[in-house]
Amino acid sequence: MIKRLLSFLKSHLFEILLFIFCITTPYTLGRYVSLRGVLASFLFFLVLKRIHYWAFSIVFSLIAITCVLFTPIIIWFGVPPATMVGAFFETNYQESKEFFKTLPFYTYLISLLILLYGILILYLGRKKNGFYYTKKQLLITLLFCIVGGYLALGKPHVKTNTESRWELSASRVSFIGFYDFMYQSVTEYQQLRKSLSKEIKEKTSWKITSVAPTYKNYVLVIGESVRRDYMSLYGFPLENSTFLKNVKGTVIEGYTAAGANTTTALLRMFLQIKNNDFVYANNIVSLAKEAGFEVYWLSNQGTVGEYDTPIAKIAALSNHYDFTKTGDYSSINYFDTVLLPTFEKRLMEKSSKNRLFIIHIMGSHEYFEDRLSNAIHYNYYNRIISAYLQTIEQTDDFLKQIYEKLQQQGEPFSMIYFSDHGLATKERESKNAWLVHGTSKEAFEIPFVQINSDDTQHKMLKVQKSGFHFLSGYAHWLGIRENSLNPEYHFLSDKNDTIEVFNQYENVPFNSLPEDPILTDEKRR
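Cut-off values and rules
- Residues numbered from 1 in each chain as written.
- Predicted model: local features only at pLDDT ≥ 70, side-chain atom pairs only at ≥ 80, totals over all residues.
- Heavy atoms only, no water.
- Helix = DSSP H or I, 4+ residues; strand = E, 2+ residues; numbered from the N terminus.
- Expected span 1.5 Å × (residues − 1).
- Polar contact = N/O pair within 3.5 Å; in protein donor to acceptor, adjacent residues only side chain to side chain.
- Phe/Tyr/Trp six-rings, centres within 6.5 Å; stacked < 30°, edge-to-face > 60°.
- Buried < 20%, exposed > 50% of the residue type's maximum accessible area, 1.4 Å probe, protein only.
- Contact = heavy atoms within 4.5 Å.
- pLDDT = per-residue confidence, 0-100.
- Pairing = 2+ DSSP bridges.
- 1 Å grid on protein atoms, 1.4 Å probe; cavity = no way out; pocket = protein on both sides within 12 Å on 5 of 7 lines; lining within 4 Å.
- Points joined across faces, edges and corners; volume = space filled by probe spheres on them.
- Nonpolar A, V, L, I, M, F, W, Y, C, P; charged D, E, K, R; others polar.

1. Examining helix 15 (residues 383-409)
Turning to step 1, where the next piece is worked out: Here helix 15 spans 39 Å end to end across 27 residues, near enough to the 39 Å set by a 1.5 Å rise per residue.
Turning to step 2, where the next piece is worked out: Two or three places before Ile384, at the opening of helix 15, Asn382 has a side-chain oxygen 3.0 Å from that residue's backbone nitrogen.
Turning to step 3, where the next piece is worked out: A positive backbone phi angle near 95° is found at Gly410, which sits one or two residues after helix 15.

2. Things to note about the packing of aromatic side chains
Turning to step 1, where the next piece is worked out: Under the counting rule described, the total for this entry stands at 39 aromatic pairs.
Turning to step 2, where the next piece is worked out: Their ring planes at 80° and their centres at 5.9 Å tell us that Tyr215 and Tyr218 sit as a pair that is edge-to-face.
Turning to step 3, where the next piece is worked out: A relative accessible area of 11% means that Tyr215 is categorised as buried.
Turning to step 4, where the next piece is worked out: Its relative accessible area of 0% is what places Tyr218 among the buried residues.

3. Some thoughts on the side chain of Asp497
Turning to step 1, where the next piece is worked out: Among the secondary structure elements, Asp497 is positioned in the loop between strand 14 (480-482) and strand 15 (500-502).
Turning to step 2, where the next piece is worked out: In this structure, Asp497 is in contact with Gln464, Lys465, Ser466, His469 and Tyr489, ignoring residues within four places of it in sequence.

4. Overview of the confidence of the model for the protein
Turning to step 1, where the next piece is worked out: Of all residues in the protein, 84% attain a pLDDT of 70 or more, and the chain-wide mean is 86.
Turning to step 2, where the next piece is worked out: Note that residues 157-165 has pLDDT below 50 and, in this model, 10 contacts with residues that lie over four places away or in other chains.

5. A short note on helix 3 (residues 35-51)
Turning to step 1, where the next piece is worked out: For helix 3, spanning 17 residues, the distance from its first C-alpha to its last is 24 Å, which sits close to the expected 24 Å at 1.5 Å a residue.
Turning to step 2, where the next piece is worked out: Counting buried positions along helix 3 yields 12 of 17 residues, so the element is predominantly enclosed.
Turning to step 3, where the next piece is worked out: Three or more residues of helix 3 are buried, namely Gly37, Val38, Ala40, Ser41, Phe42, Leu43, Phe45, Leu46, Val47, Leu48, Lys49 and Arg50.

6. Notes on the pairing of strand 9 (residues 413-419)
Turning to step 1, where the next piece is worked out: The buried fraction of strand 9 is high, at 7 of 7 residues.
Turning to step 2, where the next piece is worked out: Residue alternation in strand 9 divides its side chains into two sets, Phe413, Met415, Tyr417 and Ser419 and Ser414, Ile416 and Phe418, and both sets are buried.
Turning to step 3, where the next piece is worked out: Sheet topology note: the strand 2 (residues 217-223)/strand 9 ladder contains 7 bridges and is parallel. Residue Gly223 lies in a different strand from strand 9, and its bridge partner there is Ser419.
Turning to step 4, where the next piece is worked out: Sheet topology note: the strand 9/strand 12 (residues 448-452) ladder contains 5 bridges and is antiparallel. Bridge pairing in strand 12 places Tyr417 opposite Val449.

7. Re empty space enclosed by the protein
Turning to step 1, where the next piece is worked out: Under the defined criterion, the tally for this structure stands at 2 cavities of 30 Å³ or more.
Turning to step 2, where the next piece is worked out: Put simply, the largest cavity is a space of about 40 Å³.
Turning to step 3, where the next piece is worked out: Lining the largest cavity we find Phe335, Asp336, Thr337, Gln394, Thr395 and Phe398.
Turning to step 4, where the next piece is worked out: Of the residues that constitute the lining of the largest cavity, the class distribution is 2 nonpolar, 3 polar and 1 charged.
Turning to step 5, where the next piece is worked out: Elements with a minimum of two residues in the lining of the second largest cavity: helix 2 (13-28) and helix 3.
Turning to step 6, where the next piece is worked out: For the lining of the second largest cavity, a count of residues per class yields 4 nonpolar, 4 polar and 1 charged.

In C-alpha cells, the structure reads:
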C-alpha cells in the first residue's frame, strides 16, 4: 500500500505541486480564495502543458514572478488599493529604496521560497513533457477547457461596480482578477494624470468678491506622516515638540486628514470638489494668485520627471517654485533644513503684494532614520519608534527656525503647520513594531497649528475639524471671499465638522475606523 502510494506521488508529483501552487496563489496576490477558482487555475495550467510545455512555462513563469514580486508587499500591507498603485508611479528611487527597507526580512524569504518552488515545478514539467496528440488525449484536453472555462467564467464571488456587467477583476481565478485589477488601477491613475495635466491649466471658475488679508506674509507648512498622539504637544510623555508646545498660537486638538497618503489627502484638501469630481483648475495656488497674492512653493518632496506628480503639478502653478529633488537627482536624501536658506532668500525679496509661502517637507516620511540629521537620542519602545519621535522633534525645530526668520524679517505674518496624514501600527505585538500607511483612526489624526505674529497666548482649541473643508478655511485665513466657498468657515471657530475620511476606496465615517493607540514600553514588557 505504501509502495503504491509512493509510486503514485512520484508519478504525479508535478500535478500535486502545481495544485498546491494554485491553492497558495490567491494568498500571495491578496485575492479571495475560492475552490472553483483554484480548480480553474489548475485546469488552465494543465491545458497549457498539454498544448505545449513552452506555452505553459512562459505563462506559469509570468504568474510565479508576479507572486514573487508582490508577496512581500501584500504580506506586510495587504492588497494595494488603486490609489496605492497610482502612488507607485509617483515614487522616486530614494523613496523606493526606503520603502523596501521597511519590509521585514521574512517576507523576502517567502518570496525566495516561492521562486524556488516555481523553478521546481518548471523542472518537473520539463521532465514530464510526454503528451501525445491522440484522439483520447485531445478529448481530455477539451474537457479540461470546458470545465475550467465554466469554473472561471461563472458568477463572480463579489458584486461588481456595475451589476449588469461581469468584470474580470471579480474573477474567481486569482491571477486573472489580480492582473485586471492592476490594469484598471494603472488606467485609472493615467486618466487622473491626463485629466490633471489638461484641466489644471484651464481657466479657473473662482468668483472672488473681496480680498482683505490681515498679514503681509502667510506661510503654510505641509508636514509628512505625523500622527499627533506621538507629539508632546498633544500629551505624549516624552518631550519632542517644545516649540509648538510653548509658542503663542492656536493648536487644534481634533484635526482630521482627508486621506491616508500624501496624494489622496492633499488632493482632497487642495482641490475644489464638485459632484464628487475634482475641479483641478480650482486649487489653493490658483485661488491665491487670483486674489493677488505672490505665491512661492518650496518642496523637499521628490518629483518624477519635470513636476510630474499631482501635487507637484499644483506647485508648478506658483509664481516661484523651488524643488530640492527633481528627475534623476531624486535619489539624493536632503534634510528639510536645506529649504531654510531658500526660504530666507525669498522672504527678503521685496514685493508690493501680500505673499504666500507653501513649504512641503519630508518630515516623518518612512524610512524614519534616514530623515534624521543627528544620531537617535530617544530610547522608547524600539529603535524604529525612537527614530519616529525624533523626526517629530526635528520638524518642531524646523518650524521654530521658520518662525524666527519671519520674526526677524519684521512684517506681520501668519503661519500654519499641519501634517498630510498619520500612520498606523504594524505588528503591534512585536518588539519590532513599525508605523506604516494605514486606515486606523490615528492614521488620520494629525497636528494642526496656526501661529500669528500678533498672538498673545498659547491656546488649545477643542474642536473637530475635517480636511475636506480645508479650502474654505484656507480662503478665510487669507482674507478671501469667494462665492462657492463657505465665508463663515474658519479653522479657529469652535463649530465641529462632521468627520469623514477617504479610506483608499471611498468616504467613510471616521468613527467606523478601528482604534490604534500608541505603543507603550509597559505593554512590550
